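Take a look at the letters that make up each chain.
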Amino acid sequence: HFIVAVYDLGDMTHEINEQSTIIALQLSKLNCFSRVLFLREFVTKNKIDIIHSHLLDSTLISRIVASKNVNLVSTYHSPLHDPAQVNYSNWRYWMDRITYSKKHFLIFVSNTVRDNICKRLRVSENYKVVPNFVSEAFQPVYQYSSSEPLKIVTVGNLKEVKNHILAIRAFSKLKSFPITLDIYGEGHL
């Protein structure tokens, strides 16, 4: 396996099998062209058959560097082409639409993500929804009791897009109530 990080290597790099090759492109506005050329040569030299990208920047770069005989699989994690979303970018939407081809295979983490991306990119085939959350069959046994403190836990990347600051601000107004919030994750925040 070859693992390519568009920007920097993540915190979990040490957990990757030593038989894998890991590359950090260190992509920036200044080196974008040369790094994309490097990756294109890398894909060709190593006779890559399949590229699986996660998140939009990786997907766009994968579409640019892959030759016609390379199969592309892209996983979409959010309905990012909804202008109401905090991470919406008109420029990225148009880049996604221009580089998308019906031969690409798309994976969506929910029906909501599928609906948004399929509608905006006009996708009608070559996709699958693979939910990454608890199914509707799960029935929690927890029953809230006002006689005990309410403890809430969130787990996720500590990045701006997750908007943990909104929860922190809301909970600052609930200091007089028996309620706590624990936030767990990794990231620059």
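Here the structure is a predicted model, which means the values were calculated and not measured. Along each chain, residues carry numbers from 1 onward, in the same order as the chain's sequence is written. Only residues with pLDDT of 70 or above have their local features reported here, since the model is predicted, and side-chain atom pairs are shown and tallied only from 80 upward, although totals for entire chains, interfaces and linings are computed over all residues. Working from all heavy atoms in the structure, the side-chain values ignore hydrogens and water.

Caption draft 1: Examining the pairing of strand β5 (residues 105–108) more closely. Across four bridges, strand β4 (residues 71–76) lies against β5 in parallel orientation. Its bridge partner lying in β5, S74 is registered against L106. The handedness of a crossover follows from its direction of travel: if, with the strands pointing away from the viewer, the path from the first strand over the helix to the second runs clockwise, the crossover is right-handed. Put simply, DSSP marks the helices as runs of H or I at least four residues long and the strands as runs of E at least two long, and each gets a number from the N terminus on. The parallel pair β4 and β5, bridged by helix α3 (residues 90–99), forms a crossover whose chirality is right-handed. The handedness of the β5 to strand β6 (residues 127–129) crossover, carried by helix α4 (residues 111–121), is right-handed. Strand pairing is assigned whenever DSSP detects at least two bridges linking the two strands.

Caption draft 2: Quick look at the packing of helix α1 (residues 32–45) against helix α2 (residues 56–65). Put simply, α1 and α2 touch, their axes get as near as 9 Å, and they point 60 degrees apart. Regarding the angle of α1 to α2, the classification is oblique. Note on packing geometry: the crossing formed by α1 with α2 is right-handed. Counted together, V36, L39, R40 and V43 of α1 and I61, I64 and V65 of α2 form the full contact between these two elements. Asp, Glu, Lys and Arg are counted as charged, while Ala, Val, Leu, Ile, Met, Phe, Trp, Tyr, Cys and Pro are counted as nonpolar; the rest, among them Gly, fall into the polar class. In the contact of α1 with α2, the residues fall into six nonpolar, no polar and one charged. Convention adopted: a line fitted to C-alpha atoms gives each axis, helices being fitted over their contacting stretch, and angles between N-to-C directions are expressed from 0 to 180 degrees. Orientation labels follow simple angle bins: below 35 degrees gives roughly parallel, above 145 gives roughly antiparallel, 65 to 115 gives roughly perpendicular, and whatever is left gives oblique. When the near helix sits turned anticlockwise from the far one by under a right angle, the crossing is termed left-handed; a clockwise turn instead gives a right-handed crossing. For this analysis, residues touch if any pair of their heavy atoms sits within 4.5 Å.

Caption draft 3: Local environment of the side chain of S89. Within the fold, S89 resides in the loop between β4 and α3. Within the structure, the side chain of S89 is placed 3.1 Å from the backbone nitrogen of R92, a separation counted as a polar contact. For this analysis, a polar contact is any N or O atom pair within 3.5 Å, provided that within protein one partner can donate a hydrogen and the other can accept it, and provided that sequence-adjacent residues contribute only side-chain to side-chain pairs.

Caption draft 4: Main features of the pattern of salt bridges. Here a salt bridge means any side-chain nitrogen of Lys or Arg lying within 4 Å of a carboxyl oxygen belonging to Asp or Glu. As enumerated under the stated definition, the model contains three salt bridges in all. The residue R92 makes a salt bridge to D57 at a minimum N-O spacing of 2.8 Å. Placement of the pair is R92 in helix α3 and D57 in helix α2, with a sequence separation of 35 residues. Three labels apply to residues, based on accessible area from a 1.4 Å probe with only protein chains included: buried if under 20% of the type maximum, exposed if over 50%, partly exposed otherwise in between. Residue R92 is classed as partly exposed on the basis of its relative accessible area, which comes to 32%. Between R114 and D115 there is a salt bridge, and its shortest N-O distance comes to 2.8 Å. The class of D115 is partly exposed, set by a relative accessible area of 43%.

Caption draft 5: Looking closely at the sheet that holds β6. Taken together, the four strands give an open sheet; going across it, the order is β3-β4-β5-β6, and neighbouring strands pair in parallel fashion. Every other strand in the sheet has two partners, leaving β3 (50–54) and β6 as the edge strands with one partner each. On average, each strand axis in the sheet is tilted by 15 degrees relative to the strand beside it, whichever way the strands run. Bridge count for β3 against β4 is five bridges, and the pairing is parallel. Within the sheet, the bridge partner assigned to H54 lies in β4 and is T75.

Caption draft 6: Representation of the side chain of T99. Mapped onto the elements, T99 comes out in helix α3. Judged by relative accessible area, which is 19%, T99 ranks as buried. A distance of 2.8 Å separates a polar side-chain atom of T99 from the backbone oxygen of M95. In this structure the side chain of T99 is engaged in a polar contact, spanning 3.4 Å, whose partner is the backbone oxygen of D96. With near-sequence residues (within four places) excluded, T99 lies in contact with L60, R63 and H104.

Caption draft 7: Representation of α2 in the model. In terms of residue burial, α2 counts as a mostly covered element, since seven of its ten residues are buried. If you check which residues of α2 are buried, you get L56, T59, L60, I61, S62, R63 and V65. Tucked into the core, α2 has its buried residues touching α1, β3, β4, α3 and β5.

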